[in-house]
Amino acid sequence: MNIQTEQALSSANLFRRIMAMLYDAFLLLGISFAYGVIVLLIRKLVGDDTMQAPSNALQVIIVIGLWFCYALFYVWCWRKTGQTLGMKSWRLQLQGLNSQDQNQVQQLPGWKECWLRCLLAPLSMAIFGIGYLWCLVDKQGNCLHDIYSNTKVVLLPKKIKDKK
C-alpha cells in the first residue's frame, strides 16, 4: 500500500476516530459471537452440560481470550494495511513513527507498536475517554495511546475518480 508522507497528511480528528470505532464495533460483535460459540463448544466437549456461569477463574480466562481475539483483529489489520474496515470507511490509516525523528512516518506500524496500542487504547477510553479527548488539546492531534505507542492516525486524501 502506498503511504503518503507525514507533511501531506493531517491527523485524524476525534469525530472520525469515534465513527471508525463504531463501524468496527459491528465487526467485533461478530467476533464475539464466533468466540462465544467456540467457548460453548469447548465447554460441551469437556462435559460441562450446565448452562450456568463458569467459575471465577474460568471467567477471567474467557475474558482474556476475548480481548486477545479483539486485539488480534486490530493487529492483523494494522500490520496488513494500516486500516480496519471502519478506518477504511472513514479514510483513516494507522502509521508508525520513526523512533529517531518523531515527525517521520514508517510504512506500517510494527508488531510491538500494534500490540502496545491494543493494550493502551482501552485504558484511554476507560477513564472517561480522557486518552481520546487528549487529541483535542495536543498540537499534533494525537491521542495518548498514539503518543505512547509511537503511532499516528492520519486522514487519507479523497481518491480522484477517473472519468472514462
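What you see is a predicted model, and the numbers here were worked out from it, not measured in a lab.

S.K.: What am I meant to see in the pairing of strand β2 (residues 92–96) here?
M.R.: In the case of a regular strand, side chains alternate between the two sheet surfaces. Where burial is concerned, most of β2 is hidden: five out of the five residues are buried. Across the two faces of β2 the burial is the same, with Leu92, Leu94 and Gly96 and Gln93 and Gln95 all buried. For β2 and strand β3 (residues 151–155), the ladder comprises five bridges, and the chain directions are antiparallel. By the bridge assignment, Leu92 is partnered in β3 with Leu155.

S.K.: I keep staring at a nonpolar patch on the surface and nothing clicks. Help me out?
M.R.: On the surface, a nonpolar cluster with roughly 640 Å² of combined accessible area is contributed by Leu133, Trp134, Leu136, Val137, Ile147 and Tyr148. With respect to the helices and strands, Leu136 occurs in the loop between α5 (130–133) and α6 (144–148).

S.K.: I would appreciate a short explanation of helix α4 (residues 111–126) in the present structure.
M.R.: Given 3.6 residues per turn, any residue in an α-helix points the same way as the ones three and four places further on. The first and last C-alpha atoms of α4 sit 23 Å apart over 16 residues, in line with the 22 Å expected at 1.5 Å per residue. A maximum bend of about 25° is found in α4 at Cys118, where proline Pro122 lies one to four positions downstream. Turning to α4, its buried residues number three or more, namely Glu113, Cys114, Arg117, Cys118, Ala121 and Ser124. Considering only its buried residues, α4 is in contact with α1 (14–45), α2 (56–80), β2, α5, α6 and β3.

Thresholds, definitions, all that
- Residues numbered from 1 in each chain as written.
- Predicted model: local features only at pLDDT ≥ 70, side-chain atom pairs only at ≥ 80, totals over all residues.
- Heavy atoms only, no water.
- Buried < 20%, exposed > 50% of the residue type's maximum accessible area, 1.4 Å probe, protein only.
- Helix = DSSP H or I, 4+ residues; strand = E, 2+ residues; numbered from the N terminus.
- Pairing = 2+ DSSP bridges.
- Patch = residues over 30% accessible without salt bridge, like charges linked within 9 Å, V, L, I, M, F, W, Y side chains within 5 Å.
- Areas by Shrake-Rupley, 256 points an atom, 1.4 Å probe, with all protein chains shown as cover.
- Salt bridge = Lys/Arg side-chain N within 4 Å of Asp/Glu carboxyl O.
- Expected span 1.5 Å × (residues − 1).
- Bend = angle between axes of the 7 residues up to and from the residue.
- Contact = heavy atoms within 4.5 Å.

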